[in-house]
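# Understanding the architecture of this molecule
Each chain, letter by letter, is given below.
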Amino acid sequence: MQNTDSTAAYVIGVDYGTDSVRSLLVNARTGEEVAQAVHYYTRWKTLQYCNPIHNQFRQHPLDYIEGLEITVRKVAQSVPAEQIVGLAVDTTGSTPGPVNEHGVALALTPGFEDNPNAMFVLWKDHTALEEAAEVNLKARTWGGEDFTKFEGGIYSSEWFWAKIMHIVREDETVAKAAHSWMEHCDWMTLLLTGSDLAHFKRSRCAAGHKAMWHESWGGLPIEEFIVHLEPKLAELRGRLFQETYTADEAAGNLSEEWGQRLGLTTNTVVAVGSFDAHAGAVAGEIEAYSMVKVMGTSTCDIVVAPSEEVGGKLVQGICGQVDGSVIPGMLGLEAGQSAFGDLLAWFRQMLEWPLNNVLSSSSVITPEQQAALREEMSNKLIVELTKAAAQVNPAESAVLALDWVNGRRTPDANQGLKGAIMNLTMGTSAPQIFRALVEAICYGSKQIVERFEQEGIPIKQVIGIGGVAKKSAFVMQTLADVLNRPIKIAVSEQAPALGAAMYAAVAAGVHPDVLTAQKAMGSGFAETYEPNPASVADYQARYEQYQAFGRFVEDVTLREGEVAETTLVDEV
């Protein structure tokens, strides 16, 4: 243990990502990152309960629970338990799951242990494409309030209501057993506090950006609209919630059970849950009109602005604008890309096909050598591709790609879109394709920046956090050149967890508000990528080609979907 000072105060941020959970122990007064631990989900690692071909991605709550115990217990050993005064959880989102009347996840109850529909529906699960289209059509045509207007005007298959609609239509047993549904961040907080489900404090961040919650209509959309979406949701609407709370508020104290399981005390305050990108933006020292890009498997782009300056302005095609969702007292605006690091990981997996499917039949090397070679090649592939791609002269490669392999989140959500590559020749190399993919994710980012500014929200600086921001200088320099803006990179390796720790410090009373916690606990910036003037003009020309390519692919997709849209209109 490092500290026996009775006045010391420490907090823990628990950050649930797509593949793993990490816990970070932080000195709440100085921001010193004392200890961290990471656990990769056991079941998810082998894609149990998933079907990627059909865009089904489900996660078992046991992965979450096991990771929580392993990582929190490990970091909590660094200081006396009584000095750990607060804890906060952030998660991916929208990642809802069904629970019973006691708030127990259905997948933890008899009969549902191996039912994917009883598990948490991960953010990138796109099985609800048809339901999202239905939400959008009905919101515009039902004759009342358009409940999508603060969600950017387009509801996504990645979000709360569309996913629930899909599950209750597909699985009658889950529909009947689900007393309520909870976002992952809310469920973890409920679990830790042992609170009563009916009076539990739900996340403003999650509800406002993904569940069409807004103060102007008194909370969630009215029951009449929910029934219009899906009659099976009629009773559910009354078992959800109306009030929401910002992430700096206390949801309760750690329960006796979880205090023992984590090696903490019941004096530890648990803050209201939040989404990873929003917590990461706080750690990235976001301020008015900054854009914090949380860059990992996907991206979330977070902007905050004074509410009085935005007024009644609605920003079209983003992932919501919610008062207090990032910093209480300010408007939080969210955008993002459905695939960022995931696009590069997809290409690596494509290239690894022979390693995983041909090498095992080799008679030249032993199984042990095969395993060693497979691991070595996998670890080196992106590194070597990056080196080679950096040497490609863009003027000598016309390869152009779209970054929509997991659909498009913003601007203007359309998860039905697909990725594409053009201008391939017999001379096209793997590094040229890899570079085109890197450029594509950067062009997608540029479209988001332009959308905000076209809608009257200036972007005064860009801040990068997350794994890609820390690990890939090539991607970051390309992004700076494409955006023609400097990009500041936050120091912390675990920005979302640090942001969650800041929320915990406020909830525990160490700091009076989030801005104060941010100043006291912020870790600053490691470096800044400046745009290369020699590259800016070339990238602008290629960006215009990317836009034209995107319009072509989207037009083809829209034409293919006209029959489905006509059928939906007839049904409505």
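Residues numbered from 1 in each chain as written. Predicted model: local features only at pLDDT ≥ 70, side-chain atom pairs only at ≥ 80, totals over all residues. Heavy atoms only, no water.

As annotated in an unreviewed UniProt entry, the protein carries the name Ribulokinase and comes from Hymenobacter cavernae. Per UniProt, the protein carries the Sequence similarities (unreviewed entry) text "Belongs to the ribulokinase family." In its Pathway (unreviewed entry) section, the UniProt entry covering the protein states "Carbohydrate degradation; L-arabinose degradation via L-ribulose; D-xylulose 5-phosphate from L-arabinose (bacterial route): step 2/3." (UniProt positions renumbered as here; feature names shortened; annotations may be inferred.)

## A short note on the overall build of the protein
When helices and strands are counted, the protein shows 22 helices and 20 strands. Against the globule reference of 25 Å for 572 residues, the protein gives a C-alpha radius of gyration of 23 Å, in line with a compact fold. Overall size of the protein, expressed as C-alpha extent along the three principal axes, is 65 × 65 × 60 Å. Counting every position in the protein, which comprises 572 residues, the buried fraction comes to 59%. Here the protein displays about 22100 Å² of accessible surface, and carbon together with sulfur accounts for 51% of that area. (Helix = DSSP H or I, 4+ residues; strand = E, 2+ residues; numbered from the N terminus. Rg over C-alpha atoms; globule rule 2.2 N^0.38 Å. Buried < 20%, exposed > 50% of the residue type's maximum accessible area, 1.4 Å probe, protein only. Areas by Shrake-Rupley, 256 points an atom, 1.4 Å probe, with all protein chains shown as cover.)

## Points about the UniProt feature "domain: Carbohydrate kinase FGGY N-terminal" (unreviewed entry) in the protein
In the numbering used here, UniProt assigns the feature "domain: Carbohydrate kinase FGGY N-terminal" (unreviewed entry) to residues 10-282. Helix makes up 34% of residues 10-282 and strand 19%, whereas the separation of the span's terminal C-alpha atoms amounts to 18 Å.

## Remarks on the UniProt feature "domain: Carbohydrate kinase FGGY C-terminal" (unreviewed entry) in the protein
Mapped onto the present numbering, the UniProt feature "domain: Carbohydrate kinase FGGY C-terminal" (unreviewed entry) falls on residues 292-508. Secondary structure content for residues 292-508 is 45% helix and 18% strand, and the end C-alpha separation is 26 Å.

## Looking at a nonpolar patch on the surface
Together, W346, M350, L351, V405, I421 and L424 make up a nonpolar patch on the protein surface, roughly 490 Å² of accessible area in all. Counting residues per element, the nonpolar patch draws most heavily on helix α13 (residues 341-351), which supplies three residues. (Patch = residues over 30% accessible without salt bridge, like charges linked within 9 Å, V, L, I, M, F, W, Y side chains within 5 Å. Salt bridge = Lys/Arg side-chain N within 4 Å of Asp/Glu carboxyl O.)

## Considerations on the pairing of strand β8 (residues 180-183)
Burial of β8 is two-sided: the residues S180 and M182 facing one way and the residues W181 and E183 facing the other way are all buried. Here strand β6 (residues 96-99) runs beside β8; their pairing, made up of four bridges, is antiparallel. Bridge assignment links V99 to a residue of β8, and that residue is S180. (Pairing = 2+ DSSP bridges.)

## Examining helix α2 (residues 61-76)
Given a rise of 1.5 Å per residue, 16 residues ought to cover 22 Å, and the 22 Å separating the end C-alpha atoms of α2 matches this to within 8%. Residues of α2 that are buried include every one of P61, D63, Y64, I65, G67, L68, T71, V72, V75 and A76, and no others. (Expected span 1.5 Å × (residues − 1).)

## Some details on the nonpolar core
L333, F452, V475, M476 and Y546 are the most contacted members of the largest nonpolar core, which has 58 residues in total. It is helix α16 (residues 430-454) that provides the largest number of residues to this core, a total of 12 residues. If sequence neighbours within four positions are ignored, F452 has contacts with M291, V303, V315, I318, L333, A335, I457 and I459. (Core = buried A, V, L, I, M, F, W, Y, C linked by side-chain atoms within 4.5 Å. Contact = heavy atoms within 4.5 Å.)

## Observations regarding the sheet that holds strand β12 (residues 290-295)
Two pairing modes exist for strands in a sheet, parallel and antiparallel, and in both the strands are linked by backbone hydrogen bonds. Spatially, seven strands are ordered β14-β15-β13-β12-β18-β19-β20 in an open sheet, and the strand pairing comes out mixed. Every other strand in the sheet has two partners, leaving β14 (321-323) and β20 (525-529) as the edge strands with one partner each. With direction set aside, neighbouring strand axes in the sheet form an average angle of 25 degrees. In this structure, β14 lies alongside strand β15 (residues 330-337), joined through three bridges in antiparallel fashion. (Axes fitted to C-alpha atoms, helices over the stretch in contact; angles between N-to-C directions.)

## A few points about the pattern of salt bridges
One pass over the full model with this rule turns up 25 salt bridges. Between R261 and E69 there is a salt bridge whose closest N-O contact spans 3.0 Å. Here E69 lies in helix α2 and R261 lies in helix α10 (residues 256-262), a separation of 192 residues in the sequence. R261 gets classed as partly exposed once you look at its relative accessible area, which sits at 26%. One salt-bridge network, held together by shared partners, links E131, E134, K138, R169 and E230.

## Section: the packing of α13 against α16
Between α13 and α16, whose axes approach to 9 Å, the crossing angle comes to 160 degrees. Between α13 and α16, the crossing angle belongs to the class labelled roughly antiparallel. Seen from above, α13 lies across α16 with right-handed handedness. Residues L343, L344, W346 and F347 of α13 lie in contact with α16, whose contacting residues are A430, I433, F434, L437, V438 and I441. Here the residues of the contact of α13 with α16 sort into 10 nonpolar, no polar and no charged. (Parallel < 35°, antiparallel > 145°, perpendicular 65-115°, else oblique. Left-handed = near helix turned anticlockwise from the far one by under 90°. Nonpolar A, V, L, I, M, F, W, Y, C, P; charged D, E, K, R; others polar.)

## Here we look at the environment of N357
When you line up the elements, N357 lands in helix α14 (residues 353-357). A residue is classified by how much of its surface remains accessible, and N357, at 43% relative accessible area, is partly exposed. Remark: the alpha-carbon pair of N357 and L479, spanning 122 residues in sequence, is separated by 35 Å.

## Describing the environment of L122
With respect to the element layout, L122 can be found in the loop between β7 (120-121) and α3 (129-141). Taking relative accessible area as the criterion, L122 reaches 0% and is therefore assigned buried. Linking L122 and F57, residues 65 residues apart in sequence, is a C-alpha distance of 5.7 Å.

## Points about the pairing of strand β13 (residues 299-306)
Summarising burial for β13: eight of the eight residues are buried, a large majority. What you see with β13 is no split at all: T299, D301, V303 and A305 on one side and C300, I302, V304 and P306 on the other are buried throughout. Connecting the antiparallel pair β12 and β13 is a turn made up of three residues. Of the strand pairs in this sheet, β13 and β15 are connected by eight bridges, and their pairing is antiparallel. Bridged to I302 within β15 is E334.

## Thoughts on the packing of aromatic side chains
According to the stated counting rule, one finds 17 aromatic pairs in the structure shown. An angle of 45 degrees between the planes, with centres 5.0 Å apart, marks the rings of F147 and F225 as tilted. With F147 in the loop between α3 and α4 (160-170) and F225 in helix α8 (residues 223-229), the pair connects residues that are 78 residues apart, well separated along the chain. Residue class for F147 comes out buried when judged on its relative accessible area of 2%. An aromatic cluster is built from Y16, Y41, Y64, F120 and W187, whose rings are joined through pairwise contacts. The ring of Y245 carries K201 above its face, with NZ or CZ at 5.3 Å from the centroid. For K446, the ring lying beneath its charged end belongs to Y543, and the centroid distance is 5.3 Å. (Phe/Tyr/Trp six-rings, centres within 6.5 Å; stacked < 30°, edge-to-face > 60°. Lys NZ or Arg CZ within 6 Å of the ring centre and 35° of its normal.)

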